[in-house]
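In case you want the letters, here they are:
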Amino acid sequence: PISPATAPAKDGYVQVRVWLPEGEWYELHTGTLLKGGQIVERPFAIDEYPIYVKAGAVLPMYTRKVMNLNGNDEEVVVTVFPGGNGISSFNFYEDNGNDKNYASEYAVTKLTSFSQGQERTIVIGKRDGRYKDMPESRSFKVKVLSSLVPQSVTVNGQPAKYEYLGEEFALSVDLPVLSCDQEKVIKIVYPTETADMNGLLGVSRRIAKSMEQLKYRDSYICFKEEFGKMGSLSEAVIYAPEKISSLVSDFWKSYTDLPEVLKRQGLNDENKAWFLQSICWSKQ
């Protein structure tokens, strides 16, 4: 679901009320999992978007804008969303894109994702069907949102190249270019150590942004370690991905105690109140 923000903003945020159907939903911009079957009210800044995706969904996305329909060989990012139970699947449909034979000349690739214990498996199935000028192979990436840093990643049993995107808290896996007629099985093994990734994306972004703005309010401010670490979580994860569990745990601990953290930072009452309002703070 997409719920447009239509009310005026107050103190930098607009309150959006949206009905979420039964199940669990992933708020795309903030990385928050929300329970459905109810109306939720959520705050959004002008650069945030109320878009909700079914938890556990697996969706194909393009890495760049499709400029025309004369070709159909763009790289596809198989995006896996957190949450959900059991197996999730999606049929990736493709056709020539530039004629009227789409009803009879097309191909479908089944995308599947499921978890068991510390292991997540994503399967890009064999392509079924045919259409004119169909590419024999295609570049794929797999992107897992709100992900921890894995212990290992394999594609069809072979070690795979991957990157942890600290600014997105997402795992990106590069797949070798293989025939579309060949099944591709991606296995991701995570460590037993866990971290609370729910809502981390949105909260950490808001804090980093407000800390930059705070410097304009007080150009002489020097962030103490406790406060400064909150604004550089993404960078810390990029430099030390193996420490993500402890870094995230420390972040949430400071966030829960944020009024006292700001007090120890030495902010005056005006700046303290401004900062809490600017991130729409609420105690976890």
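What you are looking at is a predicted structure, and each value in this text was computed from that prediction instead of being measured.

About the criteria used
Residues numbered from 1 in each chain as written. Predicted model: local features only at pLDDT ≥ 70, side-chain atom pairs only at ≥ 80, totals over all residues. Heavy atoms only, no water. Pairing = 2+ DSSP bridges. Helix = DSSP H or I, 4+ residues; strand = E, 2+ residues; numbered from the N terminus. Axes fitted to C-alpha atoms, helices over the stretch in contact; angles between N-to-C directions. Buried < 20%, exposed > 50% of the residue type's maximum accessible area, 1.4 Å probe, protein only. Expected span 1.5 Å × (residues − 1). Contact = heavy atoms within 4.5 Å. Core = buried A, V, L, I, M, F, W, Y, C linked by side-chain atoms within 4.5 Å.

1. Considerations on the sheet that holds strand E2 (residues 24–27)
Strand pairs in the sheet, formed through backbone hydrogen bonds, run parallel or antiparallel to each other.
Piece 1. The antiparallel open sheet is built from three strands, whose spatial order is E3-E2-E5. Two strands in the sheet have a free side with no partner beyond their single neighbour: strand E3 (32–35) and strand E5 (52–54). Across the sheet, the mean angle separating the axes of adjacent strands is 35 degrees when strand polarity is ignored.
Piece 2. Pairing of E2 with E5 involves three bridges; the strand directions are antiparallel.

2. Thoughts on the pairing of strand E1 (residues 14–20)
Piece 1. A one-sided burial pattern is seen for E1, the buried positions being Val14, Val16, Val18 and Leu20 and the unburied ones Gln15, Arg17 and Trp19.
Piece 2. Note that E1 and strand E4 (residues 38–44) share seven bridges and pair antiparallel. Within the sheet, the bridge partner assigned to Gln15 lies in E4 and is Pro43.

3. Digging into helix H4 (residues 244–256)
Piece 1. Between its terminal C-alpha atoms H4 stretches 18 Å, which fits the 18 Å expected from 13 residues at 1.5 Å a residue.
Piece 2. Listed in full, the buried residues belonging to H4 are Ile244, Ser245, Leu247, Val248, Phe251, Trp252, Ser254 and Tyr255.
Piece 3. Those residues of H4 that are buried lie in contact with strand E16 (161–165), helix H1 (200–217), helix H2 (225–231), helix H3 (233–239) and helix H5 (258–265).

4. Concerning the pairing of strand E17 (residues 170–174)
Piece 1. Most of E17 is tucked away: four of the five residues are buried.
Piece 2. Pairing geometry for strand E13 (residues 140–144) and E17, over four bridges, is antiparallel. Paired with Lys141 across the strands is Asp174, a residue of E17.
Piece 3. Note: E16 against E17, five bridges, orientation antiparallel. In the strand pairing of E17, Lys161 is matched with Asp174.

5. Here's the deal with the nonpolar core
Piece 1. Counting residues in each nonpolar core, the largest one holds 51 residues, and the members touching the most others are Ile186, Met197, Ile207, Leu258 and Phe275.
Piece 2. Among residues more than four places away in sequence, those in contact with Ile186 are Arg120, Thr121, Ile122, Ile124, Val142, Val153, Thr154, Val155 and Leu175.
Piece 3. Counting nine residues, the second-largest nonpolar core is a separate cluster that includes Val16, Leu20, Trp25 and Phe44.

6. Quick notes on the sheet that holds E13
Piece 1. Sheet architecture is open: five strands sit in the order E6-E7-E13-E17-E16, paired in mixed fashion. Two strands lie at the open edges of the sheet, namely strand E6 (58–62) and E16, each paired on one side alone. Ignoring which end each strand starts from, the neighbouring axes of this sheet average 25 degrees apart.

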